[in-house]
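Summary of the model geometry
Each chain, letter by letter, is given below.
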Amino acid sequence: MTLGFPALNVSAQEAKIRCGVVTSLSGANRFGGNLTRRGYDLWAEEINKLGGIEIAGTRYPVEMFYGDAQSQPASGADAAERLIIQDEVDVLFGPYTSGVTLAVQPISQKYRVPMISGSAESPNVWLAKPAFNFGMIPAVDLTTDKSMVVLADTLGDRAKTASVIGVDEPFSKETAEGFRKGVEESGLDLLSYELFPAESDLSAIVSKLKSTNPDIVAVGGHESVFINFVNTAKALNYKPKALIMHYGVTSAAFINETGSESNGILGVSVWTAGLPYKDDLFGTASDYSDLSFSRWGTRPDYTEAACSASGLVLQDAARRLGKAPPWNQDTRAQLAKAIEDTDIETFYGPVGFAKEGSHYHNNTKPVPVVIQIKNGDVVPVAPENASKGELTYPIPGAS
């Protein structure tokens, strides 16, 4: 189904839907954390232009409250509890990283407050079978292995070897493991696989890669690690023929920080502005991209888009629930069930949450695409049916 917005009376009463945002507004993951906030805020601004979320013929404005996870799981859990107890939020929008999400998840469960997570991608989040948490982005194990196979198929005989590195923390490690699995499935020769602490000096790792010179280098991490890798490789005069990463490559922060060195780098995305999706609030994927650019001054990536789409999930579920705010524990449990039954089409793509299995409450419907940075633009290059440009290989200036 698609979301519709009939003309309705705006609520004359004080009741609002109180939404708590837990994300990393400071610390190492502040770049991604602020992207999640942008996504959530853009949805709130747009739905409030209509008077708020429609429930049983009346619109209720959205009020946003914020908790800074400070890029630390324990701080995220504390922030979530404060939002629930002190700010009395009706629903949570989830953190940027999977580590923080795993820490907040039990708090959501304890107080029976539904949480829609616009960013978490670790499969461990969903293996826990969270009753009150719902993830918008397919887990990384569903995306990186497939993207590596697609990349290898696209390159054909031009690429025969690959090396995989990653940060030794949940999301990054699972990203690296997904890339390694994809290497094995594609028939590429895996030259090396190495995990390292988040604050590591990458000089030694990059030097090893330079000496073996694999055709493809895959990196599991967040944008700060990607920026560090690119800068370290530049300092050591090394540029892989193909460099694929995951989240962060599509963010404005990555492109701004790496400048011309970003040209040719590959990434994995479940959304781009060129995909043929739309809904009645944001319009097409391209319309959403233009709206976000007008509001924030940079083009949105798939995380920002997924966070905005989280709001679409909430308004659809609240409409089906049919009960005016504020919501007590029993009503919030009913709201969680309504979210579980989501089946909508949005500018971000299809949304529906698994009700069983190893990806319980994860939206597994979006299909990943391989993108490449071309002169600052994010261009889908594979698979063929999603391609908007030719994959450049090797990267210009490769070693």
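What comes next concerns the included structure. (Residues numbered from 1 in each chain as written. Predicted model: local features only at pLDDT ≥ 70, side-chain atom pairs only at ≥ 80, totals over all residues. Heavy atoms only, no water.)

**A look at the pattern of salt bridges**
Rules: We count a salt bridge whenever a side-chain nitrogen from Lys or Arg sits within 4 Å of a carboxyl oxygen from Asp or Glu. What counts as a helix is a DSSP run of H or I of at least four residues, what counts as a strand is a run of E of at least two, and both are numbered from the N terminus.
The tally for this structure, following the rule as stated, stands at 17 salt bridges. Residues Asp145 and Lys181 are paired through a salt bridge, measuring 3.8 Å at the closest nitrogen-oxygen approach. A residue pair is termed long-range when its members are at least 10 positions apart, and Asp145 in helix 5 (residues 144–155) and Lys181 in helix 6 (residues 170–186) qualify at 36 residues. Of the charged contacts, one joins Lys337 and Glu340 as a salt bridge, the two residues approaching to 4.0 Å between their closest N and O atoms.

**Looking at the nonpolar core**
The cut-off we apply is this: To form a nonpolar core, buried Ala, Val, Leu, Ile, Met, Phe, Trp, Tyr and Cys residues must be joined to one another through side-chain atoms within 4.5 Å. Here the term buried applies to any residue with accessible area under 20% of the maximum for its type, exposed to any over 50%, and partly exposed to those in between, with areas from a 1.4 Å probe on protein chains only. We call two residues in contact whenever any of their non-hydrogen atoms come within 4.5 Å of each other.
The biggest cluster of nonpolar side chains holds 49 residues, and the ones touching the most others in it are Trp43, Ile53, Phe93, Met136, Leu314, Phe347 and Tyr348. Listed by contribution, the elements that provide at least two residues to this core are strand 2 (17–23), helix 1 (30–49), strand 3 (53–55), strand 5 (62–68), strand 6 (91–93), helix 10 (285–296), helix 11 (302–321) and helix 12 (329–340). Not counting residues within four places of it along the chain, the set of residues in contact with Tyr348 comprises Met136, Ile137, Pro138, Val270, Trp271, Tyr277, Tyr302, Ala305, Ala306, Ala309, Asn363 and Pro366. In this structure, Ile165, Phe229, Leu243 and Ile255 belong to the second largest nonpolar core, which totals 27 residues.

**With respect to the side chain of Ser108**
The test is simple: Within 3.5 Å is the distance limit for a polar contact, defined as a pair of N or O atoms, with the added protein rule that one can donate a hydrogen and the other accept it, and that residues adjacent in sequence qualify only through two side-chain atoms.
Among the structural elements, Ser108 can be located in helix 3 (residues 98–111). Here Val113 takes part through its backbone oxygen, which lies 2.4 Å from a polar atom of the side chain of Ser108. Setting aside residues up to four positions removed in sequence, Ser108 forms contacts with Leu92, Val113, Pro114, Met115 and Phe132.

**A word on unusual backbone geometry**
Here the residue pair Ala382 and Pro383 is connected by a cis peptide bond, since its omega of 0° sits within 30 degrees of zero. The residue Pro383 is located in the segment after strand 19 (377–382) in this model. The omega angle of the peptide bond from Tyr393 to Pro394 is -5°, so this bond is cis rather than trans. Inspection of the secondary structure assignment puts Pro394 in the segment after strand 19. In this structure, Lys129 is a non-glycine residue whose phi angle is positive, near 50°. Looking at the secondary structure, you find Lys129 in the loop between helix 4 (123–127) and strand 8 (133–135).

**Section: the sheet that holds strand 2**
Filter applied, for reference: A pair of strands is labelled paired if DSSP reports no fewer than 2 bridges between them. The axes used here are C-alpha line fits, helices contributing only the stretch in contact, and every angle between their N-to-C directions lies in the interval 0 to 180 degrees.
Overall, parallel pairing links the five strands, which are arranged 5-2-6-7-8 in an open sheet. Bordering the open sheet on either side are strand 5 and strand 8, each of which pairs with just one other strand. When the angles between neighbouring strand axes are averaged without regard to direction, this sheet yields 25°. Alignment of strand 2 against strand 6, held across three bridges, turns out to be parallel. Bridge assignment links Cys19 to a residue of strand 6, and that residue is Val91. Contacts from helix 1 reach strand 2, strand 5, strand 6 and strand 7 (115–117) within the one sheet, and its direction differs from that of strand 5 by about 170°.

**Some thoughts on helix 5**
Residue pairs three or four apart in sequence face the same way in an α-helix, which turns once every 3.6 residues. Put simply, the test is: Multiplying 1.5 Å by the residue count of a helix minus one yields the expected span of that helix.
In this model helix 5 runs 16 Å from its N-terminal to its C-terminal C-alpha over 12 residues, within 8% of the 16 Å that 1.5 Å per residue would give. On its buried face, helix 5 sits against helix 6, strand 11 (216–220), strand 12 (242–244), strand 13 (266–269) and strand 18 (369–374). Looking one or two residues past helix 5, Gly156 carries a phi angle of roughly 60°, positive in sign.

**Observations concerning the packing of aromatic side chains**
Centre-to-centre distance and the angle between the planes together describe a pair of aromatic rings. We count it as follows: Think of it this way: a Phe, Tyr or Trp ring, Trp meaning its six-membered ring, pairs with another when their centres are within 6.5 Å, and the plane angle makes it stacked under 30 degrees, edge-to-face over 60, tilted otherwise. By definition, being over a ring means that NZ of Lys or CZ of Arg is both within 6 Å of the ring centre and within 35 degrees of the ring normal.
Scanning the model with the defined rule gives eight aromatic pairs in all. With centroids separated by 4.8 Å and ring planes inclined at 20°, the aromatic side chains of Tyr40 and Phe93 adopt a geometry described as stacked. Of this pair, Tyr40 sits in helix 1 while Phe93 sits in strand 6, placing them 53 residues apart in sequence. Taken individually, Tyr40 and Phe93 each receive the classification buried, so the pair is uniform in this respect. Ring plane angle 25° and centroid distance 4.1 Å describe the contact between Tyr288 and Phe347, whose orientation is recorded as stacked. Remark: Phe347 occurs in the loop between strand 16 (344–346) and strand 17 (349–351) and Tyr288 occurs in helix 10; sequence separation between them is 59 residues. On the accessibility criterion, Tyr288 (0% relative accessible area) is buried. Here the aromatic cluster, defined as three or more aromatic residues joined through ring pairs, consists of Trp271, Phe282, Tyr288 and Phe347. A cation over an aromatic ring shows up here: Arg180 above the ring of Tyr193, its NZ or CZ 4.0 Å from the ring centre.

**With respect to the state of the cysteines**
Applied cut-off: In this description, the term disulfide denotes a pair of cysteine sulfurs within 2.5 Å.
In total, this model carries zero disulfides according to the counting rule given. Take Cys19: it sits in no disulfide, and the sulfur closest to it among the cysteines is that of Cys307, at 13 Å. Its relative accessible area of 0% is what places Cys307 among the buried residues.

**A word on helix 1**
Helix length check: helix 1 (20 residues) gives 28 Å between terminal C-alpha atoms against 28 Å at 1.5 Å per residue, within 8%. Looking at helix 1, one finds that the buried residues are Gly32, Gly33, Leu35, Thr36, Gly39, Tyr40, Asp41, Leu42, Trp43, Ala44, Glu46 and Ile47. One or two steps after helix 1, the chain reaches Gly51, where phi turns positive at roughly 105°.

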